[in-house]
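Given next are the chains, with one letter for each unit.
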Amino acid sequence: MSQLSQRHLLGIKDITKKDIELIFETADNFKEVINRPIKKVPSLRDVTIANLFFENSTRTRLSFELAQKRLSADIVNFSASTSSVKKGETLLDTVNNILAMKVDMIVMRHASPGAPHYLAKHIKANIVNAGDGTHEHPTQALLDAYSIREKLGSVEGKKVAIIGDILHSRVALSNIFALQKLGAKVMVCGPPTLLPKHIQQLGVQVELNVEKALHWCDVANVLRIQLERQQIKYFPSLREYSLYYGINKKMLDALKKPIIVMHPGPINRGVELSSDAADSAHSIILDQVENGVAVRMAVMYLLAGKVN
Amino acid sequence: MLIFEAAMQKKLILDSDQLDITLSRLCQQLVENHLDFANSVMLGLQPRGIYLATLLHQKLEKSLKKKIDLGYLDATFHRDDFRRRELPVKANETKVPFIIEGKNVILIDDVLFTGRTVRAALDAMIAFGRPAKVELLVLIDRKFNRDLPIAPDYVGKSVNTVDTQKVQVEWQAQGNKQNKIWLIN
């Protein structure tokens, strides 16, 4: 018998190593469930969940929705582009109106960092952060670490390099927290303009040369260049970025050691990762997607089961 | 102090030798109904029914000199007390590496109390197919404590208990010295 230390999943920063391990153990069971002929359990049949996506998403949203359906929860979906947010309603008003319809849990993606933390102070429902601006994306970090654990047996002591646009990436920050809590060594690698100042203070190594980073690591988590968040130019051209920081199969094969390549998606093929690398045997990108459903099932199951 | 001792009173229901006799009898009864187990499979219920299932399985394979399918079924996600308990129950591994469609399934658990775990297990089992027939084997039947209309087909020992009592099953496989079953007041 065990439960999470928190009522919400706002970020990896707020949860403990024990919480992460409990989520992983529960996800193991759900992974077995989603590979059955009947992939559904009735656990959350009296729980209603609202998916509030104030920012675009394909994978995360589908993954959450499938996870909720596999748990038999009732769900309502909301996307900002087709809602009254356009008419000027505030976030709290929108959410309170949804909660008035008796919703127990909120899964939210928002462009503003801290938006789910703000909501958590004002409403009673459990909140799962599905990405808040450039801040955190906890379920992605959990499924990344879960995939490493699945492939390598454990996360402890493993060397993980996060490569690409670290500055604008919520995945990078959540990954750093999760991997460090689980005892991995973390390196960030990218052009200096895309590395946040003082990131060393988080206890990560910084490397500017992608080949050196690949030589050092057991796992390369490659991130997308988030052009939509870049208001100024951080590098001369995508072509130049790709030349200096793009990863292809030739580089991976030349390492002469086992290496795992991950990517949270969506991939810009030919920019940060070439097609032959993304589809190579090194890549576990599709395993990440499968594990995403099991991990999100575990998170929502554990949050719903927590008695206050 | 006296009250404390009385509250902790333990009574041995089955010791190791008696348990062995009971298990042999249960195996005989299973063979009587399932003959050579050609179309029968065994499913131990997590977390504690698997020890009993494993013991019975070993005995049966030895006496019939053939392989019998044994799986573990976890009903945690099908429980009806989720979000109603003090602490959530932790899930365990489900391992059903065979097809149960059209088979005779023997569900095996150590103690039958309210019947709610068995109800959840029936629900969980259906996700793997539609068995021809399902039977329930329990080691201890606390027969006056049922919340649901569930009755076992094979019983190791029936005991009369009240709600506040507890049946404690100690298995060697869990690290205990001997297999023993206690009634705790």
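Here the residue index of a chain counts from 1 through its sequence in written order. The lettering of chains begins at A and the numbering of ligands begins at 1, in the order of writing. The predicted origin of the model limits local features to residues at a pLDDT of at least 70 and limits the giving and counting of side-chain atom pairs to 80 or more, whereas totals for whole chains, interfaces and linings rest on all residues.

**Some details on the nonpolar core**
Now for step 1: Core membership is restricted to buried Ala, Val, Leu, Ile, Met, Phe, Trp, Tyr and Cys residues, and these are joined into a nonpolar core through C-beta atoms within 7 Å. Whether a residue is buried, exposed or partly exposed is read from the other C-beta atoms within 10 Å of its own C-beta, which are placed from the backbone; 20 or more gives buried, 12 or fewer gives exposed, and intermediate counts give partly exposed. Judged by nonpolar contacts, the single largest core of 97 residues is most densely connected at Ile23, Met105, Ile106, Ile163, Ala298 and Met300 of chain A.
Now for step 2: The biggest single contributor to this core is helix H11 (residues 285-305) of chain A, with eleven residues.
Now for step 3: Listed in part, the 43 residues of the second largest apolar core include Cys27, Leu43, Ile108 and Ala124 of chain B. Strands here are runs of E lasting at least two residues and helices are runs of H or I lasting at least four, both read from the DSSP assignment and numbered beginning at the N terminus.

**Let's talk about helix H5 (residues 138-152) of chain A**
Residues and elements named next belong to chain A.
Now for step 1: To estimate the expected span of a helix, subtract one from its residue number and multiply by 1.5 Å. The end-to-end C-alpha separation of H5 is 21 Å, in line with the 21 Å expected for 15 residues at 1.5 Å each.
Now for step 2: Among the 15 residues that make up H5, twelve are buried, leaving the element largely enclosed by the rest of the structure.
Now for step 3: Of the positions making up H5, those classed as buried are Pro138, Thr139, Gln140, Ala141, Leu142, Leu143, Asp144, Ala145, Tyr146, Ser147, Ile148 and Arg149.

**Comments concerning the interface of chain B and chain A**
Now for step 1: On the side of chain A, 16 residues touch chain B, which itself brings 15 residues to the contact.
Now for step 2: Its residues assigned to classes, the side of chain B that touches chain A comprises eight nonpolar, two polar and five charged. By the criterion used throughout, residues are in contact when their C-beta atoms, derived from the backbone, lie within 7 Å. The classification used treats Ala, Val, Leu, Ile, Met, Phe, Trp, Tyr, Cys and Pro as nonpolar, Asp, Glu, Lys and Arg as charged, and all other residues, Gly among them, as polar.

**Here's the deal with the domain arrangement of chain A**
All names here are of chain A.
Now for step 1: Per the domain assignment, the segments making up chain A are domain 1 (12-136 + 289-305) and domain 2 (138-288).
Now for step 2: Residue ranges assigned to the domains are those given by an automatic or database domain assignment. A straight line from the C-alpha centre of domain 1 to that of domain 2 covers 25 Å.
Now for step 3: Of all the secondary structure elements, the ones that give two or more residues to the side of domain 1 that touches domain 2 are helix H1 (17-33), strand S4 (126-132) and H11.
Now for step 4: A per-element tally of the side of domain 1 that touches domain 2 places H11 first, with seven residues.

**Topic: the sheet that holds S4 of chain A**
All names here are of chain A.
Now for step 1: Two strands are said to pair when DSSP picks up at least two bridges between them. As summarised here, the arrangement of the four strands in space is S2-S1-S3-S4, forming an open sheet in which the pairing is parallel. Lying at the two open borders of the sheet, with one neighbouring strand each, are strand S2 (74-79) and S4. Mean inter-strand twist for the sheet, computed between neighbouring axes without regard to direction, equals 15 degrees.
Now for step 2: In terms of strand pairing, strand S1 (residues 48-53) meets strand S3 (residues 105-110) through five bridges, oriented parallel. Paired with Ala50 across the bridge in S3 is Ile106. Helix axes use the C-alpha atoms of the stretch in contact, all axes being lines fitted to C-alpha atoms, and the angles between their N-to-C directions lie in the range 0 to 180 degrees.

**Observations regarding unusual backbone geometry**
Only a minority of non-glycine residues have a phi that is not negative, and only a minority of peptide bonds are not trans.
Now for step 1: The omega torsion of the bond from Gly265 of chain A to Pro266 of chain A falls at -10 degrees, within 30 degrees of zero and hence cis.
Now for step 2: Tracing the sequence through the fold places Pro266 of chain A in the loop between strand S9 (260-262) and helix H10 (275-278).
Now for step 3: The residue after Gln46 of chain B, namely Pro47 of chain B, is reached through a cis peptide bond having omega 0 degrees.
Now for step 4: Inspection of the secondary structure puts Pro47 of chain B in the loop between strand S2 (40-45) and helix H3 (49-64).
Now for step 5: At Phe37 of chain B, a position not held by glycine, the phi torsion is positive, near 60 degrees.
Now for step 6: Within the secondary structure, Phe37 of chain B is located in the loop between helix H2 (16-34) and S2.

**As for the environment of Val118 of chain B**
Residues and elements named next belong to chain B.
Now for step 1: Along the polypeptide, Val118 turns up in helix H4 (residues 116-126).
Now for step 2: Distance from Val118 to Leu136, taken between C-alpha atoms, is 8.5 Å for residues 18 residues apart in sequence.
Now for step 3: Not counting the four nearest positions on each side in its chain, Val118 is found in contact with Leu107, Asp109, Leu112, Leu136 and Ile150.

**With respect to the packing of H1 of chain A against H11 of chain A**
All names here are of chain A.
Now for step 1: In the contact formed by H1 and H11, the axes pass within 8 Å of each other and the chain directions differ by 120 degrees. Crossing angle aside, the handedness with which H1 passes H11 is right-handed. Each of Leu22, Ile23, Thr26, Ala27, Phe30 and Lys31 in H1 lies in contact with H11, whose residues at this interface are Ala294, Val295, Met297, Ala298, Val299, Tyr301 and Leu302.
Now for step 2: Residues belonging to the contact of H1 with H11 are distributed by class as follows: eleven nonpolar, one polar and one charged. Should the near helix be turned counterclockwise from the far one by less than a right angle, the crossing is left-handed, whereas a clockwise turn marks it as right-handed.

**Regarding the pairing of S2 of chain B**
Residue and element names in this part refer to chain B.
Now for step 1: A large share of S2 lies buried, amounting to five of its six residues.
Now for step 2: Here five bridges tie S2 to strand S4 (residues 104-112), and the two strands are oriented parallel to one another. Looking at S4, one finds that Gly44 is bridged to Ile108.
Now for step 3: Relative to strand S3 (residues 69-73), S2 runs parallel, the two being bridged by five bridges. Along S3, the bridge assignment pairs Gly44 with Tyr72.
Now for step 4: The parallel pair S2 and S3 is bridged by H3, and the resulting crossover is right-handed. A crossover counts as right-handed when, viewed with the strands pointing away from the observer, the path leading from the first strand over the helix to the second turns clockwise.

**Some details on the packing of H5 of chain A against H11 of chain A**
Residues and elements named next belong to chain A.
Now for step 1: Direction vectors running N to C along H5 and H11 enclose 115 degrees, while the axes themselves pass 8 Å from each other. Crossing angle aside, the handedness with which H5 passes H11 is right-handed. Contacts between H5 and H11 pair Thr139, Leu142, Leu143, Asp144, Tyr146, Ser147 and Glu150 from the former with Asp287, Gln288, Asn291, Gly292, Val295, Arg296 and Val299 from the latter.
Now for step 2: Its residues placed into classes, the contact of H5 with H11 shows five nonpolar, five polar and four charged.

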